[in-house]
Every structure is written in C-alpha cells, then in structure tokens.
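# Observations on the model geometry
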Amino acid sequence: MPTYTVHQPPPRKGETATAPERFVFVRDGFHFWAFVLAPVWLLWRRLWLAFAIYLLLNTLLGVGLVLIGASPSVKTLAGLLVALMIGFEASSIRRWKLTRRGWKMLGFVVGEDAEMAERRFFAEWAKRKAETPAAASVPQEPRYAVPVRRGPPSGNDVIGLFPEPGGSR
C-alpha cells in the first residue's frame, strides 16, 4: 500500500492554528506522469525552481553529449535516465518545496489511496487532539527513566569488553 507524508502549512495572518483542510498529502513512490512528461508535471505542480534546474541539467547534458560526439542511442539513454530520476524523486521534490516554504511535516500515513490516507490520518489526529488537554500545548521538559541497578554491587564489575587492569583473564 502507498505511504503518504502529511504536511501542515504555516498559519495565515490572523490564524492561531492552520485549518486541517489545507494539509497536503504527498504520496511516496514512482510518479508515472513525472517520468513521462517531466516538464509539464513540474509546471503543473508549480515547482518552478525544480523546473529551472531540470532545464539547466537537460541543456548541459545535451550540449555535453554533442561536444563529445555521443551517438543518438547514448543521448536517448541519458534522457531516459534523467526522466527516471524525475519519476522516482518527484515526491521528494514536492516535499523539498514544501519545506522551503515553511511547511511542517506531521508524519506518515498508509492508505490504499489518498482519500483513505486522509481518513486514517484525521481519525488518529482527532483522537489525539481529544486525549490531549489544552494545557499540554505548553512544551514540557522530557521525562527520562532513572537507571535501576539489578543485583548486588560487586567489586569486579566490568564495563565494556575489557576487564580492569590486574584482574583475572
């Protein structure tokens, strides 16, 4: 089943918290349309910087291959490899854009499709909101467990792999 990352936008002016309707779910995995039509997909998703990098990379790669006198099959293979890279990294490119814009990743959710992932996420999110009292929104110091010694102390305690000098081997 596909995995989705959930991203929360920064609050708008006058908002104290972001409306859940604005959350974005980004599916992990291979994106077929990003592989087949990379420039169109990048523009459709408004990934302007990624589009500019894509154009620059393709231009430099094309010029470099012409300068070294590469055969048409090598040029095709290079183009295919760039398209595969875009297809596999499409979700990472989207997450990179969201992070640059100040969006916060809330976590991962697994679902058969985007709608099921949203249902699962919001069901768990609502349950956690209901369990958390309002005062818990203030950050508290983390609580750590105190180490407990098991058994009576002995003079021959060994820490690590090496015994004390002068001890028995």
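Our structure is the block above this text.
Residues numbered from 1 in each chain as written. Predicted model: local features only at pLDDT ≥ 70, side-chain atom pairs only at ≥ 80, totals over all residues. Heavy atoms only, no water.

### Details of the nonpolar core
Keep this limit in mind: Put simply, a nonpolar core is a bunch of buried Ala, Val, Leu, Ile, Met, Phe, Trp, Tyr and Cys residues held in one set by side-chain atoms that sit within 4.5 Å of each other. Only protein chains enter the accessibility calculation, which uses a 1.4 Å probe; a residue whose area is less than 20% of its type maximum is buried, one above 50% is exposed, and one in between is partly exposed. Helix numbers and strand numbers start at the N terminus; a helix is a DSSP run of H or I with at least 4 residues, a strand a run of E with at least 2. Any two residues whose heavy atoms approach within 4.5 Å at even a single point are treated as in contact.
Ranked by size, the top nonpolar core spans 12 residues in total: Ala 34, Ala 38, Trp 41, Leu 42, Leu 47, Ala 50, Phe 51, Tyr 54, Val 82, Ile 86, Ala 90 and Ile 93. For this core, the secondary-structure elements that each account for two or more residues are α2 (38-44), α3 (48-67) and α4 (72-100). Once residues lying within four places of it in the same chain are set aside, the contact partners of Ala 34 are Trp 41, Ala 83, Ile 86, Gly 87 and Ala 90. Membership of the second largest hydrophobic core comes to seven residues, among which are Tyr 4, Val 6, Phe 23 and Val 109.

### Here's the deal with the sheet that holds strand β2 (residues 24-27)
Across a sheet, strands are paired by hydrogen bonds formed along the backbone, either parallel or antiparallel in direction. We apply this condition: Strand pairing follows a simple DSSP-based rule, namely that at least 2 bridges must link the two strands. Here, axes are lines fitted to C-alpha atoms. For helices the fit covers the stretch in contact, and angles between N-to-C directions go from 0 to 180 degrees.
The three strands lie next to each other as β2-β1-β3, forming an open sheet whose pairing is antiparallel. Either end of the sheet is taken by a strand with one partner, and the two such strands are β2 and β3 (104-110). Taken pair by pair, the neighbouring strands of this sheet meet at an average axis angle of 30 degrees, ignoring direction. With four bridges joining them, strand β1 (residues 3-8) and β2 adopt antiparallel strand pairing. Residue pairing in the sheet places Val 6 in a bridge with Phe 25 of β2. Along the sheet, α4 makes contact with β1 and β2, crossing β2 at roughly 150 degrees. Against the sheet, helix α5 (residues 114-131) engages β1, β2 and β3, with an angle of about 110 degrees to β3.

Take it as geometry only, folks, not as evidence of what the structure does.
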